[in-house]
Amino acid sequence: MTVAKTKTSAAAAAHPEGRLEWRTLLHWLREDGLIDEAQVARTEQRFGAGDSSLHALVRLGHAGLTRVANGKALDLDALSEWLASRAKLPYLRIDPLKVDVGRVADIMSVGYAEARRCLPVAVGLTEVTVATAEPFDIGWVEQIESHARKPVKLVVANPLDIARYTTEFFTLARSVRAAAKAGEQSQVTSFEQLVELGKSKQLDANDQGVVQVVDWLWQYAFDQRASDIHLEPRREMGVIRFRIDGVLHTVYQLPPTVMSAMISRIKLLGRMDVVERRRPLDGRIKTRNPAGDEVEMRLSTLPTAFGEKMVMRIFDPDTAVKDLATLGFSGHDSERWEKLVRQAHGIILVTGPTGSGKTTTLYSTLKRLATDEVNVCTVEDPIEMIEPAFNQTQAQANLDFGFAEGLRALMRQDPDIIMVGEIRDLATAEMAIQAALTGHLVFSTLHTNDAASAITRLTDLGVPSYLIGATVIGVLAQRLVRTLCEHCKQPDPSVTRDTLQEMLKHWRMNGGVKPYKAVGCLDCRNTGYRGRAGLYELMLLGESTKKHLHPTPDLSALRRQAVQDGMRPLRLAGAMKIAEGMTTLEEVLRNTPQWEN
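Keep in mind it's a predicted model, so treat the numbers as computed, not measured.

### Concerning the pattern of salt bridges
- All told, the structure shown has 28 salt bridges when counted by the stated rule.
- As a salt-bridge pair, arginine 164 and glutamate 168 come within 3.2 Å of each other at their nearest N and O atoms. One end of the pair, arginine 164, and the other, glutamate 168, are both in helix H9 (residues 159-182), four residues apart, so they sit about a helical turn from each other.
- Given the relative accessible area of 32%, arginine 164 is considered partly exposed.
- The class of glutamate 168 is partly exposed, set by a relative accessible area of 22%.
- When the shortest N-O distance is used, the salt bridge between glutamate 294 and lysine 286 registers 3.6 Å.
- In this structure lysine 286 comes out as partly exposed when scored by relative accessible area, which is 48%.

Shown next, in the form of structure tokens:
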């Protein structure tokens, strides 16, 4: 008999065995001093003598009970955690990303799980962990131990989570099995085999099991706040991973035949060439999230050694309407940025590495500028997100229609504001300069470490310094840092004003310092972070700054002048976020370049 089972048996001996009853729980809460007699009487009067099909904890969660000690609400999570301590068992908030659905579905049937209000959540080498909402109804444990040939470790979980994930996990497992069975005669399509295109048998992309798995995948990704979905073929099993707050999490493993069929299904919906697997392809899909909002996804495939890999970039439907404070702009930079983008003409550059939020900043800004009196035109590769307020054009290199050609065509479309996806070469830079010189406001992006480096990048492309000074009016460098989870962050005494001053060296911080550290809890999947915010470095090119533009610009002098004109470097922006308790020192140091003067 396991330790967990011994504890459970001891707990059951101290309490009535069998299903929980709300009246019993109500009096236990009173015994433990969480509620008073008045709440007991009020709840009994409200519920009366009638019974309910609702779980006892769920029913009490709707009763509006509050702790006597501090007046905090006893919601369902709080009641579930209290019940776990009462039963002397661990409490578990089920994290679906950490559950190997395929393995736990082998432990018991869906009917068995629903009847006993339990759900396997982990299958280890030495034990099986099962979440239950009925810690004193454990007659089934020996049956599962006999079937799994491993001891059972019981944990208590929220009964609504158990009910929800029981449906989701077993439905997914059933769909995967059905899809795998339908394609069990097909061969894995590897990179080498794709030379003989189309000869391998493939699982039908329209098979019901495949359809269900793809639908589940999308809804699951939306629910988990994923920004990207990766479908990665491997030698033995395909892997599904989600990128959440910039970090990849493994979600599920699939047979290669099912992975291949899923990719074919998604390519079919994205109007991509399903047969073509020898070269990279791009596509897009529109669907809806659980809230009913329209969500757009950009699709990208790539041939790999073990088959076709796909990445789906999910675009937040609220991206184009975020205000500057939501994006992470400070009041100082917000005011300067708004003044900059209201200029009548000139070039505004947004710089940073891939995934630093440049597209979000541009779309959000252009959305506010795109009034009925203004013609906003873009040329992108690819079009990140369809926005009805813009006139968007897709650059297509295979048709000799790149950014330079797109800009040349847009100049004949009577634009007021132009956005070009990226300045990659001299031809595109020259067209952007021509557009700015003829009275247009031009937005574009560059891949540089900081704002000042954008000037040297243009010089390296071959743009004369006098044209840079005549057209470029501002450069915004940015990074994304993870923000601390509000539920578990704790003060960090190791980070003081002196620590931040040492990091900033030549800067003086004003105001109080309230640094916090990442701890980790159930809400943030023990990462300590939830969500991301932007760090911004805005350099305005005024007359004083333009004096430092030479054929070989002095970056240090340019930075010093920009700072005198009001620019706050990325690392200073990060330090301010640390002082406000929004992120950590580690995040800022990892994501921002060292300031050099």
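### Examining unusual backbone geometry
- The peptide bond linking aspartate 381 to proline 382 adopts the cis configuration, its omega dihedral lying at -5 degrees.
- Structurally, proline 382 is set in the loop between strand S11 (376-380) and strand S12 (391-394).
- Phi at lysine 88 is positive, roughly 60 degrees, even though this residue is not glycine.
- On the basis of relative accessible area, lysine 88 is assigned to the exposed category, the value being 56%.
- Non-glycine residue arginine 117 carries a positive phi angle of around 50 degrees.
- With respect to the element layout, arginine 117 can be found in the loop between helix H7 (110-116) and strand S1 (118-123).
- Given a relative accessible area of 25%, arginine 117 falls into the partly exposed group.

### Overview of the sheet that holds S1
- The strand order across the open sheet built from three strands is S1-S2-S3, with neighbouring strands paired in mixed fashion. Looking at strand neighbours, the two that pair on one side only are S1 and strand S3 (152-156), the edges of this open sheet. The sheet shows a mean angle of 30 degrees between the axes of neighbouring strands, taken without regard to direction.
- Strand direction decides the pairing type here: S1 and strand S2 (residues 128-132), joined by five bridges, are antiparallel. When the bridges of S2 are listed, proline 120 appears paired with valine 130.

### Brief notes about the sheet that holds strand S6 (residues 247-254)
- In spatial order, the strands read S6-S5-S4-S9-S8-S7; together these six strands make up an open sheet with antiparallel pairing. Since the sheet does not close on itself, it has two edges, and those belong to S6 and strand S7 (281-288), each with one partner. Looking at each pair of strands side by side, their axes are set apart by 20 degrees on average, direction ignored.
- Bridge analysis of strand S4 (residues 228-232) against strand S9 (residues 307-315) gives four bridges, and the strand direction is antiparallel.

### Topic: the pairing of strand S10 (residues 346-351)
- Across the six residues of S10, six count as buried, placing the element largely inside the fold.
- Burial of the side chains of S10 extends over both faces: Gly346, Ile348 and Val350 are buried on one face and Ile347, Leu349 and Thr351 on the other.
- As paired elements, S10 and strand S14 (residues 441-446) share six bridges and run parallel to each other. If you follow leucine 349 over to S14, its bridge partner there is serine 444.
- Relative to strand S15 (residues 472-484), S10 is paired through five bridges, and the arrangement is parallel. Directly across from isoleucine 348, in S15, lies its bridge partner glycine 474.

Calculation criteria
Residues numbered from 1 in each chain as written. Predicted model: local features only at pLDDT ≥ 70, side-chain atom pairs only at ≥ 80, totals over all residues. Heavy atoms only, no water. Salt bridge = Lys/Arg side-chain N within 4 Å of Asp/Glu carboxyl O. Helix = DSSP H or I, 4+ residues; strand = E, 2+ residues; numbered from the N terminus. Buried < 20%, exposed > 50% of the residue type's maximum accessible area, 1.4 Å probe, protein only. Pairing = 2+ DSSP bridges. Axes fitted to C-alpha atoms, helices over the stretch in contact; angles between N-to-C directions.

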